[in-house]
Amino acid sequence: MSIRECAMNSEAFRRLYEVYKNRETVSDAFRKNGGKVVGQMGCDVPDELVIAAGMMPVRLYADEYRPLVQADKYLEYSFDPVMRAQFEKVVDGTYNDRIDYLAISNSTDVIIRLYLYLREIKRLDPAAPIPPLEFIDWLFTRKMIHQSRNELTVRLFWRKLEEWSGRTITDNDVQSAAAICNEDRAALRRISALRKADEVKVSGSEALVIIGSAFFMDRREHANLVNLVADDAQSWPGIDAARIFMTGSAQESTELYELIEKVGGVVIGEDHDWGDRFFGRDCNTSYSPVRAIVDAYMMREFSSKKATVSQRVKALNDAVDSARAEGVLFYINAYEEAASWDFPSQKSSLESRGIATGSFVKMLFPLSENRDLEEKLGSFVESVRRVRRDA
Amino acid sequence: MRNDCKVTDRQGGPARAKKSLNATATAAAYQKEWFSGLRARVDAGEDFAYLNADVPMEVLRAMDIPFVVNQWWAAICAAKRMTSKYFSLLSSAGYRDDLCSYCATAFAESLDPDDKTSGPWGGLPSPTIAITRLTCDCQSKIFELFARNHGADLYLMENTQARTVPPDWWELAADRWEELYDSDRLDAAVEELKALIGFLETKTGKLFDINKLVEVMALINEQENWYKKTRDLIAITRPAPVTVVDTINAVMQAQWQRGTQWAAAHAKSLYEEIKAFVDEGRCAVPNEKYRLMWLGRGLWHDFAFYQNFEEKYGAVFTWSMYLAMGADAYIRNNFEQDPLRALAARYIGMEDFLHMPPWNAQWFLSEARHNLIDGVVYMAPENCMQAVEGSYFIKKTLEDAGIPVLLFKADPVDSRKWNRDTMTGMVEDFIETRLVNGGKK
């Protein structure tokens, strides 16, 4: 199915698609005009603060086919392949020409290690082409002591951004930026509703383009474009395919979803950070700015990395119910192990409720390295259809 | 110090490691006796906690709550050659059997319906409390699954990262520990301790008494100071009076008993026994030519491996982190003013000291020099992100200082993946190519 003609006929979608495919175009222009760009490694760097500082946040991503010379030199084998590929681009200097600063959030244990390694490389060789770093040490355990600690962490990042940007960030700046981000989230929720409707109007790969383009462009423009796409998509033809929910490794490209669509499925939701999880919770502008940011990032839906098994079982069940999925695809890259501990309990819970599951673990990156993947996905989608027929 | 050597009663490369110290045997005997006593307390209805190694067990010691440490128990299971069985149980239950072997052994054991009859020492009694720190993404998951199988309450402690990293942590840790960390990080760790204490008081009905913690902290300082003396003695004595086969077990078993009279006395006896060896001129390997440092966790399922290179090459493993961490990482003087803060300054550092570059690399180099190390054999675990610690930086730091390093991957508890012949060949090749004749062969 891939990206459909109806989508490409939408001017707004085409603009998002162009940004998604050419991810540096906007930020390069922003820098050329004197703006400063903050790269983000990890999914918990508060966009609101970066935008409030007048800077542009961009998400780091992996190049699928770049040789991993630096990663192989510095990293142990147990780093997952996507993070290896991101690390490569930082250490080989690629990002040094495209971002001014790098903010790293402890969204996974792997990223903590990457931060320590980058810091050490820079310490040993101050001339290494690595941008200035800042680590955002979130705690995700939901207790008041950790909430208070997170407030300190946010204030530290706030101060660092003031230093980087050379300007004072006021409460009003943060509230305005939060309002923009919330507008964008609201627009993305409109798309999400179209994905999850009885008649699916937006495919998974189209949704990834719409969501992922947010990471590489002005957020207000993104919100406006997404709203236009949501208007346009009302008239797009419905998709009759097995309704699949995807959990596991973040998908930085549309390849996996396109394969699923090719074999008769459609991904109507996911819980990774290049998908639905990005816009799940607003920044509550009635709170003080620091508290609002802590609330938005600490209290959003549990990630597969920073949660217990029971939290993840409930989170997945809720998401699958809300999407009315017929099948759940567990897709986990090699060495991205944490979610593997959730899987048996999640599978058991889902299957007891009549929802088919398919497990794809130790997956290679890039996707094309996995033999017979299309065939295996086809078997899984067929099993989902079978459940529907039997029902 | 030159040790004019008399041979201790250990030679060759046996199938099972031979140990020469009474202290090792004493510790082994004590832990069995202690475990039996613990079981009796659990059978009598007392709360029983299962802790990950980096949990501040001093709190439970002060509250007299019986506990077992996850890594100690995994080592016991590995030494009893139970891990193959346990990991097949994991697989049967739908879990992957190639992940987190060190941390998941006890969870795997909890799937064994025959544990009471076939488990080590009658199996693990069912805990009522399971506590871990979030030093790895998998920790909370594995501990929750474990707790669920035992019907235990799960308690999680957060982990924070160091923003500032002053050099030479081992010079600051004992007396100037406040300077080691960002103050707010220590504040947070103290709050974490208070929350843990609140949970334990509610769960067990026992009162936490700060005076009792003071006693525990004093005993620990006493114990670890003996380890410091022991480490220093081995470091300067050539040939070495003992090897890691003796010290790892003697120290690790007692380390999990820290804060008790027994552990302090045992550490003293360990020092005195080794000192007597030195005074008598006894040594572990009379033809000692090369002193090796073992980096990584203990090879619990094959201790005899460490002795494979003694007779043929005179290559002796004299250093492991177990004794040296006791010497450098645990002592906290001046704790009386604020014992909780001193304890915080101990427990949050363990992860940093061992797994954070540059702290780990700088310490390993300092220790290699202090211990007259000729070569380093460095086992990086195969399936453990928690133990990922910047092996590139460690190797580079040591090699740049002229100390050869053999870096390889293996599993400390899962014997299924271990081939002694292959591994022996690898180390022999390292010795021949990097150490013999100054690496010129």
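Note that the structure is predicted; figures quoted are calculated from it, not measured.

Calculation rules
Residues numbered from 1 in each chain as written. Chains lettered and ligands numbered in written order. Predicted model: local features only at pLDDT ≥ 70, side-chain atom pairs only at ≥ 80, totals over all residues. Helix = DSSP H or I, 4+ residues; strand = E, 2+ residues; numbered from the N terminus. Rg over C-alpha atoms; globule rule 2.2 N^0.38 Å. Buried ≥ 20, exposed ≤ 12 C-beta atoms within 10 Å, placed from the backbone. Contact = placed C-beta atoms within 7 Å. Core = buried A, V, L, I, M, F, W, Y, C linked by C-beta atoms within 7 Å. Domains from an automatic or database assignment. Pairing = 2+ DSSP bridges. Right-handed = clockwise from strand over helix to strand, strands pointing away. Nonpolar A, V, L, I, M, F, W, Y, C, P; charged D, E, K, R; others polar. Axes fitted to C-alpha atoms, helices over the stretch in contact; angles between N-to-C directions. pLDDT = per-residue confidence, 0-100. Parallel < 35°, antiparallel > 145°, perpendicular 65-115°, else oblique. Left-handed = near helix turned anticlockwise from the far one by under 90°.

## A look at the overall build of chain B
Here is step 1 of the chain: Within chain B one finds 18 helices and ten strands.
Here is step 2 of the chain: In summary, chain B has a C-alpha radius of gyration of 21 Å against a globular reference of 22 Å for 441 residues, a match within 12%.
Here is step 3 of the chain: Projected onto its principal axes, the C-alpha coordinates of chain B cover approximately 65 × 50 × 40 Å.
Here is step 4 of the chain: Looking at the 441 residues of chain B, the share that counts as buried comes to 57%.
Here is step 5 of the chain: Pairs at least 24 apart in sequence give 79% of the contacts found in chain B among residues at least 6 apart.

## Quick notes on the nonpolar core
Here is step 1 of the chain: Among the nonpolar cores identified, the biggest contains 281 residues, and Ile244 of chain A together with Ile142 of chain B are the most heavily contacted of them.
Here is step 2 of the chain: A domain-level breakdown of this core finds at least three residues from each of domain 1 (38-171) and domain 2 (180-390) of chain A.
Here is step 3 of the chain: Setting aside chain neighbours within four positions, we find Ile142 of chain B in contact with Trp341 of chain A together with Cys100, Cys103, Ala104 and Phe107 of chain B.

## Concerning the pairing of strand 8 (residues 356-363) of chain A
All names here are of chain A.
Here is step 1 of the chain: One ladder, built from six bridges, connects strand 7 (residues 327-333) with strand 8; its direction is parallel. Counterpart to Phe330 in the pairing with strand 8 is Ser359.
Here is step 2 of the chain: With helix 15 (residues 338-352) bridging strand 7 and its parallel neighbour strand 8, the resulting β-α-β unit is right-handed.

## Considering the interface of chain B and chain A
Here is step 1 of the chain: Counting residues at the interface gives 34 residues for chain B, matched by 34 residues for chain A.
Here is step 2 of the chain: Among the residues making up the side of chain B that touches chain A, the classes are represented as 19 nonpolar, seven polar and eight charged.

## Comments concerning the domain arrangement of chain A
All names here are of chain A.
Here is step 1 of the chain: Examined at the domain level, chain A breaks down into domain 1 (38-171) and domain 2 (180-390).
Here is step 2 of the chain: Measuring from the centre of the C-alpha atoms in domain 1 to the corresponding centre in domain 2 gives 24 Å.
Here is step 3 of the chain: Each partner contributes to the interface: domain 1 provides 28 residues, whereas domain 2 provides 25 residues.
Here is step 4 of the chain: Considering every element that reaches the side of domain 1 that touches domain 2, the biggest residue donor is helix 8 (residues 144-165), with five residues.
Here is step 5 of the chain: For the side of domain 1 that touches domain 2, the residue count by class is 14 nonpolar, five polar and nine charged.

## Notes on the sheet that holds strand 7 of chain A
All names here are of chain A.
Here is step 1 of the chain: Read across the sheet, four strands follow the order 6-5-7-8 without closing on themselves; strand pairing throughout is parallel. The open sheet is flanked by strand 6 (265-270) and strand 8, the only strands paired with a single partner. This sheet shows a mean twist of 30 degrees between the axes of neighbouring strands, independent of strand direction.
Here is step 2 of the chain: Packing against the sheet, helix 14 (residues 309-323) makes contact with strand 5 (242-248), strand 6 and strand 7, and its axis sits at approximately 155 degrees to strand 5.

## Re the sheet that holds strand 3 (residues 67-69) of chain B
Residue and element names in this part refer to chain B.
Here is step 1 of the chain: With parallel pairing, the four strands of this open sheet are ordered in space as 3-2-4-5. At either end of the open sheet lies a strand with only one pairing partner, and these are strand 3 and strand 5 (153-157). Strand-to-strand, the axes of this sheet are offset by a mean angle of 20 degrees, without reference to chain direction.
Here is step 2 of the chain: Here three bridges tie strand 2 (residues 49-51) to strand 3, and the two strands are oriented parallel to one another. When the sheet's bridge partners are listed, Tyr50 is paired in strand 3 with Val68.
Here is step 3 of the chain: Packing of helix 3 (residues 70-79) onto the sheet brings it into contact with strand 2 and strand 3, and relative to strand 3 it is tilted by some 65 degrees.
Here is step 4 of the chain: Helix 9 (residues 183-204) contacts strand 4 (129-133) and strand 5 of the sheet and is inclined by roughly 170 degrees relative to strand 5.

## As for the pairing of strand 6 of chain A
Residues and elements named next belong to chain A.
Here is step 1 of the chain: Most of strand 6 is tucked away: six of the six residues are buried.
Here is step 2 of the chain: Relative to strand 6, strand 5 is paired through five bridges, and the arrangement is parallel. Bridge pairing in strand 6 links Phe245 to Gly269.
Here is step 3 of the chain: As for the winding sense of the linkage, the β-α-β connection from strand 5 through helix 12 (residues 255-262) to strand 6 is right-handed.

## So, the environment of Gln223 of chain B
Residue and element names in this part refer to chain B.
Here is step 1 of the chain: By secondary structure assignment, the location of Gln223 is in helix 10 (residues 210-236).
Here is step 2 of the chain: Note on Gln223: 29 C-beta atoms within 10 Å, which makes it buried.
Here is step 3 of the chain: Between the C-alpha atom of Gln223 and that of Trp262, which follows or precedes it by 39 residues, the distance is 9.4 Å.
Here is step 4 of the chain: With residues up to four places along the chain from it excluded, the contact list for Gln223 reads Arg258, Ala263, Ala264 and Ala267.

## Observations concerning the confidence of the model for chain B
All names here are of chain B.
Here is step 1 of the chain: For chain B, mean pLDDT is 92; residues scoring 70 or higher make up 93% of the total.
Here is step 2 of the chain: Every residue in residues 10-15 is under pLDDT 50, and counting partners more than four places away or in other chains gives twelve contacts.
Here is step 3 of the chain: Predicted complex, confidence summary: ipTM 0.95, pTM 0.94.

## Observations concerning the packing of helix 9 (residues 171-196) of chain A against helix 11 (residues 219-233) of chain A
Residue and element names in this part refer to chain A.
Here is step 1 of the chain: Remark: helix 9 packs on helix 11, axes separated minimally by 8 Å, with the N-to-C direction vectors making an angle of 25 degrees. Relative to helix 11, the element helix 9 is oriented roughly parallel. Judged by the twist between their axes, the crossing of helix 9 over helix 11 is left-handed. Residue-level contacts link Ile180, Cys181, Glu183, Asp184, Ala187, Leu188, Arg190, Ile191 and Leu194 of helix 9 to Arg219, Arg220, His222, Ala223, Val226, Asn227, Val229, Ala230 and Ala233 of helix 11.

## Regarding the packing of helix 15 of chain A against helix 7 (residues 139-150) of chain B
Here is step 1 of the chain: Two numbers describe how helix 15 of chain A lies on helix 7 of chain B: the axes approach to 8 Å, and their chain directions differ by 30 degrees. Of the possible angle classes, the one that applies to helix 15 of chain A and helix 7 of chain B is roughly parallel. Contacts between helix 15 of chain A and helix 7 of chain B involve Ala338, Trp341 and Asp342 of chain A from the first element and Lys141, Ile142 and Leu145 of chain B from the second.
Here is step 2 of the chain: Partitioned by chemical class, the residues of the contact of helix 15 of chain A with helix 7 of chain B number four nonpolar, no polar and two charged.

## A short note on the environment of Glu272 of chain B
Residues and elements named next belong to chain B.
Here is step 1 of the chain: On the secondary structure map, Glu272 appears in helix 12 (residues 261-280).
Here is step 2 of the chain: With 14 C-beta atoms counted inside 10 Å, the residue Glu272 sits in the partly exposed group.
Here is step 3 of the chain: Measuring from C-alpha to C-alpha, the distance between Glu272 and Cys136 comes to 39 Å, with 136 residues separating the pair along the chain.

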